Amino acid sequence: MLGKAELLEAIAGKNRGLLATERDQLAILAAIAQLEDRNPTPRPTEASDLLDGNWRLLYTTSRGLLNIDQFPLLKLGQIYQYIRASEAKIYNLAEVHGLPYLEGLVSVAARFQAVSERRVEVKFERSVLGLQRLLGYQWPSQFVQRLESGEKFFAVDFSIADRDQQGWLDITYLDADLRIGRGNEGSVFVLTKVRE
């Protein structure tokens, strides 16, 4: 699909949005809008076979994520989202790099519920923050399995009970290996499915 190739080319080398200039952002958002107009899955929340799986973030406009890179000595690494459609659960992981042996991990577990053919409401339930070494972090799917089991970690590990810790996401494009979403704070997310 021509629109998909153009979008992937536009976001290549932009480090998930960290290196995107204002002009880049406008071009990328235009490419996203063109692809959304050609969404092959008109009812994405009902396509659990496509939604389910392990995703890696390619591009975002989310300041909340991109600002992690603004802390001194910290660099934002890969960001993953694991969707367990049958259980209506989402696991977000952000790898953070810094000084040697001080690589970090920020993770959030949430539940989601489809409220329309495109929109899911998300309620955040748990967050784990810590050093990768102390968490025994090896790779994303291994860590998500440990989260799913309910394991407690030697880290900042807390439940999120505040009703304000929720939001929604419109899934505006979905195929076998690419997903685009627009969040309640106006952010755009482009993710690719990863096979582990």
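Scroll up for the structure.
Below you will find a few notes about this structure. (Residues numbered from 1 in each chain as written. Predicted model: local features only at pLDDT ≥ 70, side-chain atom pairs only at ≥ 80, totals over all residues. Heavy atoms only, no water.)

1. As for the pairing of strand 3 (residues 89-97)
Inclusion rule: We call two strands paired when DSSP finds no fewer than two bridges between them. A run of DSSP states H or I qualifies as a helix once it reaches four residues; a run of E qualifies as a strand once it reaches two. Both are numbered from the N-terminal end.
Here strand 2 (residues 75-84) pairs with strand 3 via eight bridges, running antiparallel. If you follow Gln81 over to strand 3, its bridge partner there is Asn92. Here strand 2 folds back onto strand 3, and the loop between the two strands holds four residues, one of which, Ala88, carries a positive phi near 55 degrees. Sheet analysis places strand 3 next to strand 4 (residues 104-114), joined by eight bridges and oriented antiparallel. Residue pairing across strands places Glu95 opposite Leu105, the latter belonging to strand 4. The turn linking strand 3 back onto strand 4 is made up of six residues, and Tyr101 within it adopts a positive phi angle of 75 degrees.

2. Thoughts on unusual backbone geometry
Selection criterion: Throughout, exposure labels follow a simple rule: accessible area from a 1.4 Å probe, protein chains only, divided by the maximum for the residue type, with under 20% read as buried, over 50% as exposed, and the rest as partly exposed.
For Asn15, which is not glycine, the phi torsion reads 50 degrees and is therefore positive. With respect to the helices, strands and loops of the structure, Asn15 is situated in the loop between helix 1 (2-11) and helix 2 (22-36). For Asn15, a relative accessible area of 33% corresponds to the partly exposed category. Positioned with a positive phi, Arg16 is a non-glycine residue whose angle comes to about 60 degrees. Overall, Arg16 belongs to the buried group, its relative accessible area being 8%.

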